[in-house]
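# Topology and contacts: notes
In case you want the letters, here they are:
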Amino acid sequence: MNILHFLGSAWSFEPWVILFALALFGAYTLLPGSRLNRKSLLFSSGVMLMVIALVSPLDHLGRNYLFSAHMVQHILLLLVIPLMLLSGIPEAAAERALNSPYAGGLIKFLGNPVPAWLLGVGSMWVWHMPSLHDIVMANEGLYIAQQISFVLIGVIFWWPVFAPVKTARLSPLPAALYLASACLGCSILGMLITFAGAGLYTAYANPADSAGILSYIRNELCITPGVDQQIGGLTMWVPGCLIYLAASMVTVARWYASPEPGSVNTCTAESEVTTDLKLKEATERE
Amino acid sequence: MSSRIPLVPENAAPLPSLKENNGLLAWVASVDHKQIGIMYLIITLVYFLLGGLEALLIRIQLAHPGNDFLTPEMYNQLFTMHGTTMIFFVVMPFLIGVGVYLLPLMIGARDMAFPRLNALSFWLFFFGGILLYYSFFTQSGAPDVGWFAYSPLSEKPFSLNKGPTYWALGLLASGIGSVASGLNNVVTILTMRTPGMTMRRIPLFVWMIFVTSLLLIFVIPIITAAFAMMLLDSLLGATFFTPAHGGSAILWQHFFWGFGHPEVYILILPAFGIISEVIPVFSRKPIYGYEFVAASTVAIGLLSLGVWAHHMFAVGLGNVANAYFSLASMLIAIPTGVKVLNWVATMWGGRINFATPMLFGTAFIIEFVIGGLTGVAIASVPIDWVVTDSYFIVAHFHYAIFGGSVFAIFAGVYYWFPKFTGRMLSETLGKWHFWLTVIGFNMTFFVQHFLGVMGMPRRTYTYHDMPYWGSMNLLSTIGALILGLSAIVFVWNILVSLRNGKPAGDNPWNAWTLEWATTSPPAVENFELVPPVRGRRPLWDLAHPDQPDEPGAKIV
Ligand code: HEM
Ligand SMILES: [Cu+2]
């Protein structure tokens, strides 16, 4: 099959994707404080991008031919799209949700940095265990669950840093640490995948070639299974990590922009401390 | 009672003198950050001279083609020891030492957070160096496998002598000391700041030490683990890095450069810090873009963790991996480059005083830019394939480390010597030192770019008489001898000025950070009273109460 033809035809508007997107839109319009503005635009572009990531040839490639295509989709669904969705939620709605008895408690629990971090980094590690990945590729239901979990977990992961309600956010420096350590967590996995020998993900070793583009991929683009795995690993590692890093730079910038916390001064405090120290050392010496 | 060791002498008393009763013990047993800092500086000076001597021997051997001044074995030992010494026992401990001395003073504290840990770090470094150098006296001689100790060269059966074992042991010890220093610095900066000294007001030098310390904590353990594995291989017959028995030699390279590339930022970030202190003071302007310099350092630190494989372009990782690492490496040059613009913008329109610290500071900018540009060039894979393992690489990293870190170190020594000792270094000798260094340095290393492009390999004890190679190498050797002379002038300057230097007073440069608020040298207690801190330049605010740096920070 001709590659252009493939790019034109390999769109699969599966019902669950459309339903999921409609559900997101519907929920959004019900949110208090949602109106047509920059935020709702951001939210809708997020949903749109999600639909594209899930129905376009990228999805077809990722499911049938290329681990690297799967990884690009993964980064979009876990890191890029959720950030757009979260940033699109109106502050008033988030405020209301936080104050409601049940949802509020759940959000507060999941939005804690520890569970959020574990979910965000864990979803990278768990879904990429080679055996699990092969099972998921062969099972439609699991596949759908995986894609939806990426988006939801992504929103949870970004919550402590970009929650619409400022008070729910970590303060800037811990937030930078939160992101930098997540970057490290994903980098390590990326490194492992990059430098492990070829053939980690058997599903991609001998694709069924349903669309007839395998020879194009192998011979024209020169993407062997080994190269494919490397591109995938490196995609998780370098661009993936850069997203975390860029976000942590945003938090540092926020920190500089925020007003200086109480910079009161007492000239004597320090010398009192030091006399204490001196006394302590002097007594230890006795 | 008279035998009591003066561990905590009276405030305002000078540091203990060696001539006093028990003077030596008062140093060896000290946990005072200033004494420990000074000991770091003295020891690194000794290693600087040793490493320099080794370099001169190397250069003499290379002065003309086919020379037999050194045997190949001796040559291998010398270049290994030279690189190892300069990186691990000169630049790194100098920067740690100067940090240990200045951190508490700059943030208005009495000492480091963990004074005893501080002493432990120093002594681990001290004995690590002795372990390394002891190898010269063993039968099998010093390590001869390069400062990167690639396996399988560093493993049996290619290395049967004990040199690499001493190498790994010595670096293991000092490495553990470095991690401890990193922890100590981070905790000190986070917890010991005087009121008002918020993280957004700490001097940039402190910021740089902060990021460097985080790097130390993250990356030294990588190499420490690798050293342990290497020792297991050589002493207990394990085979982590020997492919013949199922190990992987490439794994060593990943470990080494996973540590090694961040390490070059450990060497350069504190140097950036020194420059960011010196340039504003001698331009009589606050630093341009404090926020940017600080935040971009965080970015550089994080990025530096992920680009190590640019040292492995020739290994055969595959085109895709090479391309990614190439791009990521070039990315890191952006925040670095903008920093240079920050310094230039600080100098722009300032009333520049070209005293020796500023001379070195200005030269730093120029030489470091050359090193950075060649860095970006070799981050491109095809260029690297041509020049890797040639003298072009030697030129690149000497411009980065000597033209960068060491020039900044000289700037720092001339700047803070008055604070350390109470006396100024001689400006006349300083100018001699500066010009000899600049001329010698560029003469030695600039031609190596050409030699490299013409194909002269590094790490080989001699070369054939190819056109121009002999004369360029001779030029390089003459440059090295000039550098040797400059080092003598430097040491002479220190010795003379210690005795007869002009008394410095508290703040000879009219600087603005807290270390200049106390006596020179600082009393044991550091400060009698810490001045109020309401901005980034406390001493400026103190002197100009009606035009403070930060609006609303008026001192009444
Ligand atoms: C602009 C940023 C920089 C880039 C893009 C860069 C790039 C590179 C590359 C690609 C190599 C490997 C060359 C080869 O072996 O074939 C290299 C080697 C080296 N670089 Fe840099 N570099 C940069 C800055 C620095 C700095 C700041 C330092 C030190 C302070 C440094 C120190 C070194 C050293 C020591 C080596 C040689 C290692 C060895 O093989 O023994 N570089 N650099
Ligand atoms: Cu590097």
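Residues numbered from 1 in each chain as written. Chains lettered and ligands numbered in written order. Predicted model: local features only at pLDDT ≥ 70, side-chain atom pairs only at ≥ 80, totals over all residues. Heavy atoms only, no water.

## A few points about the overall build of chain A
Across its full length, chain A holds 14 helices and zero strands. Reading the helices (α) and strands (β) of chain A from amino to carboxyl end gives α-α-α-α-α-α-α-α-α-α-α-α-α-α. Expected size for 286 residues packed as a compact globule is a radius of gyration near 19 Å; at 24 Å, chain A overshoots this value by more than 25%. In terms of overall dimensions, chain A has a C-alpha envelope of 85 × 50 × 30 Å along the principal axes. Taking all 286 residues of chain A together, 45% fall into the buried category. (Helix = DSSP H or I, 4+ residues; strand = E, 2+ residues; numbered from the N terminus. Rg over C-alpha atoms; globule rule 2.2 N^0.38 Å. Buried < 20%, exposed > 50% of the residue type's maximum accessible area, 1.4 Å probe, protein only.)

## What to know about the coordination of the iron atom of ligand 1
Working reference: metal with six octahedral donors, ideal angles 90 or 180 degrees; metal with four tetrahedral donors, ideal angle 109.5 degrees. Residue and element names in this part refer to chain B. Exactly one protein atom donates to the iron atom of ligand 1; that atom is His 396 (NE2), 2.2 Å from the metal. The copper ion (ligand 2) is placed at 4.5 Å from the iron atom of ligand 1. Locating His 396 in the fold gives a position in helix H12 (residues 391-421). (Donors = N, O, S within 2.8 Å, 3.2 Å for Na, K, Ca; no water.)

## Describing the side chain of Asn118(B)
All names here are of chain B. With respect to the helices, strands and loops of the structure, Asn 118 is situated in helix H4 (residues 115-134). Residue Asn 118 is classed as buried on the basis of its relative accessible area, which comes to 2%. Filtering out sequence-adjacent residues up to four positions away, Asn 118 remains in contact with His 33, Ile 36, Val 100, Met 112 and Asn 184. (Contact = heavy atoms within 4.5 Å.)

## Comments concerning the coordination of the copper ion (ligand 2)
Residues and elements named next belong to chain B. Protein coordination at the copper ion (ligand 2) comes from His 261 (ND1), His 310 (NE2) and His 311 (NE2), with a distance range of 1.8 to 2.0 Å. Of note, the copper ion (ligand 2) draws all its donor residues from one chain, in the sequence arrangement H-x48-H-H. For His 261, a relative accessible area of 5% translates into the label buried. Since its relative accessible area comes to 16%, His 310 is described here as buried.

## Considerations on the packing of helix H5 (residues 67-88) of chain A against helix H10 (residues 140-162) of chain A
Residue and element names in this part refer to chain A. At a minimum axis separation of 8 Å, H5 and H10 run at an interaxial angle of 45°. With respect to H10, the element H5 is oriented oblique. In the packing of H5 onto H10, the handedness of the crossing is right-handed. Residues His 70, Gln 73, His 74, Leu 77, Leu 78, Leu 79, Pro 82, Leu 83, Leu 85 and Leu 86 of H5 pack against Tyr 143, Gln 146, Gln 147, Phe 150, Val 151, Ile 153, Gly 154, Val 155, Trp 158, Trp 159 and Phe 162 of H10. A breakdown of the residues in the contact of H5 with H10 according to their chemical character gives 15 nonpolar, six polar and no charged. (Axes fitted to C-alpha atoms, helices over the stretch in contact; angles between N-to-C directions. Parallel < 35°, antiparallel > 145°, perpendicular 65-115°, else oblique. Left-handed = near helix turned anticlockwise from the far one by under 90°. Nonpolar A, V, L, I, M, F, W, Y, C, P; charged D, E, K, R; others polar.)

## Some details on the pattern of salt bridges
Residues and elements named next belong to chain A. Evaluated as defined, the whole model comprises nine salt bridges over all chains. The partner of Glu 14 in a salt bridge is Arg 63, and the shortest N-O contact between them spans 3.7 Å. Pair noted here: Glu 14 is in the loop between helix H1 (3-9) and helix H2 (15-30) and Arg 63 is in helix H4 (residues 57-64), with a separation of 49 residues, a long-range link. When its relative accessible area of 18% is taken as the criterion, Glu 14 is described as buried. For Arg 63, a relative accessible area of 19% corresponds to the buried category. (Salt bridge = Lys/Arg side-chain N within 4 Å of Asp/Glu carboxyl O.)

## Considering the site of ligand 1
Residue and element names in this part refer to chain B. Neighbouring residues of ligand 1: 24 residues in total, closest Trp 147, Asp 384, Thr 388, His 396 and Arg 458. In the model, a nitrogen atom of ligand 1 is placed 2.9 Å from a nitrogen or oxygen of the His 396 side chain. When residues of the shell around ligand 1 are traced back to their parent elements, those giving at least two are helix H7 (249-283), helix H9 (319-347), helix H10 (356-378) and H12. Looking at side-chain class alone, the shell around ligand 1 contains 14 nonpolar, seven polar and three charged residues. (Near = heavy atom within 4 Å. Polar contact = N/O pair within 3.5 Å; in protein donor to acceptor, adjacent residues only side chain to side chain.)

## Describing the packing of helix H3 (residues 72-106) of chain B against helix H6 (residues 204-236) of chain B
Residues and elements named next belong to chain B. It is at 10 Å that the axes of H3 and H6 come closest, and there the two elements cross at 130°. By the angle class used here, H3 and H6 are oblique. H3 and H6 meet at a crossing whose hand is left-handed. Residue-level contacts link Met 92, Leu 95, Ile 96, Val 98, Gly 99, Leu 102, Leu 103 and Met 106 of H3 to Phe 205, Val 206, Ile 209, Leu 216 and Ile 220 of H6. Taken together, the residues of the contact of H3 with H6 break down into 12 nonpolar, one polar and no charged.

## Regarding empty space enclosed by the protein
Residues and elements named next belong to chain B. Within the structure shown, the criterion is met by five cavities of 30 Å³ or more. By volume, the largest cavity amounts to about 150 Å³. What lines the largest cavity is a set of 17 residues, among which Phe 88, Met 92, Ser 174, Gly 175 and Ser 178 lie closest to the centre. Ranked by residue count, the leading element in the lining of the largest cavity is helix H5 (residues 163-191), at six residues. Partitioning the lining of the largest cavity into residue classes produces 11 nonpolar, six polar and no charged. Estimates place the volume of the second largest cavity at around 80 Å³. Taken together, Met 92, Leu 95, Ile 96, Gly 99, Asn 185, Ile 209, Thr 212, Ser 213, Leu 216, Ile 266 and Pro 270 make up the lining of the second largest cavity. Elements with a minimum of two residues in the lining of the second largest cavity: H3, H6 and H7. In terms of residue class, the lining of the second largest cavity is built from seven nonpolar, four polar and no charged. (1 Å grid on protein atoms, 1.4 Å probe; cavity = no way out; pocket = protein on both sides within 12 Å on 5 of 7 lines; lining within 4 Å. Points joined across faces, edges and corners; volume = space filled by probe spheres on them.)

## What to know about the packing of aromatic side chains
The tally for this structure, following the rule as stated, stands at 74 aromatic pairs over all chains. Relative to Phe126(B), the ring of Trp123(B) has its centre 5.1 Å away and its plane inclined at 70°; by these criteria the two rings are edge-to-face. Of this pair, Trp123(B) and Phe126(B) both sit in helix H4, separated by three residues, roughly a single helical turn. Taken together, a centroid distance of 6.0 Å and an interplanar angle of 50° make the contact between Trp308(B) and Phe325(B) tilted. Residue Trp308(B) is located in the loop between helix H8 (290-304) and H9, and its partner Phe325(B) is located in helix H9; the two are separated by 17 residues in the primary sequence. Just as Trp308(B) is buried, Phe325(B) falls in that class too. Directly above the aromatic system of Trp255(A) lies the positively charged group of Arg200(B), at a separation of 5.4 Å from the ring centroid. A cation sits over an aromatic face here: Arg536(B) above Tyr290(B), 3.8 Å from the ring centre. (Phe/Tyr/Trp six-rings, centres within 6.5 Å; stacked < 30°, edge-to-face > 60°. Lys NZ or Arg CZ within 6 Å of the ring centre and 35° of its normal.)

## So, the state of the cysteines
Per the counting criterion, the structure on display carries one disulfide over all chains. Take Cys186(A): it sits in no disulfide, and the sulfur closest to it among the cysteines is that of Cys241(A), at 7.4 Å. (Disulfide = S-S within 2.5 Å.)

## Focus on the nonpolar core
Generally speaking, nonpolar side chains in soluble globular proteins are found buried as a group. In this structure, Trp207(B), Trp252(B) and Phe364(B) are the most contacted members of the largest nonpolar core, which totals 222 residues. Listed in part, the 14 residues of the second largest apolar core include Val394(B), Leu451(B), Trp469(B) and Met472(B). (Core = buried A, V, L, I, M, F, W, Y, C linked by side-chain atoms within 4.5 Å.)

## A few points about H6(B)
Its 33 residues place the ends of H6(B) 46 Å apart at the C-alpha level, agreeing with the 48 Å of an ideal helix rising 1.5 Å per residue. In the structure, H6(B) departs most strongly from a straight axis at Ile217(B), where the bend amounts to approximately 30° and where the proline Pro221(B) lies between one and four residues downstream. (Expected span 1.5 Å × (residues − 1). Bend = angle between axes of the 7 residues up to and from the residue.)

## Remarks on the confidence of the model for chain B
As a general rule, the predicted coordinates of low-pLDDT regions are not to be interpreted in detail. Residue and element names in this part refer to chain B. Residues of chain B with pLDDT of at least 70 account for 96%, and the chain-wide mean is 91. The secondary structure element of chain B with the lowest average pLDDT is helix H1 (residues 23-28), at 86, and the one with the highest is helix H13 (residues 427-453), at 97. Of the two predicted TM-score estimates for the complex, the pTM is 0.88 and the ipTM is 0.76. (pLDDT = per-residue confidence, 0-100.)

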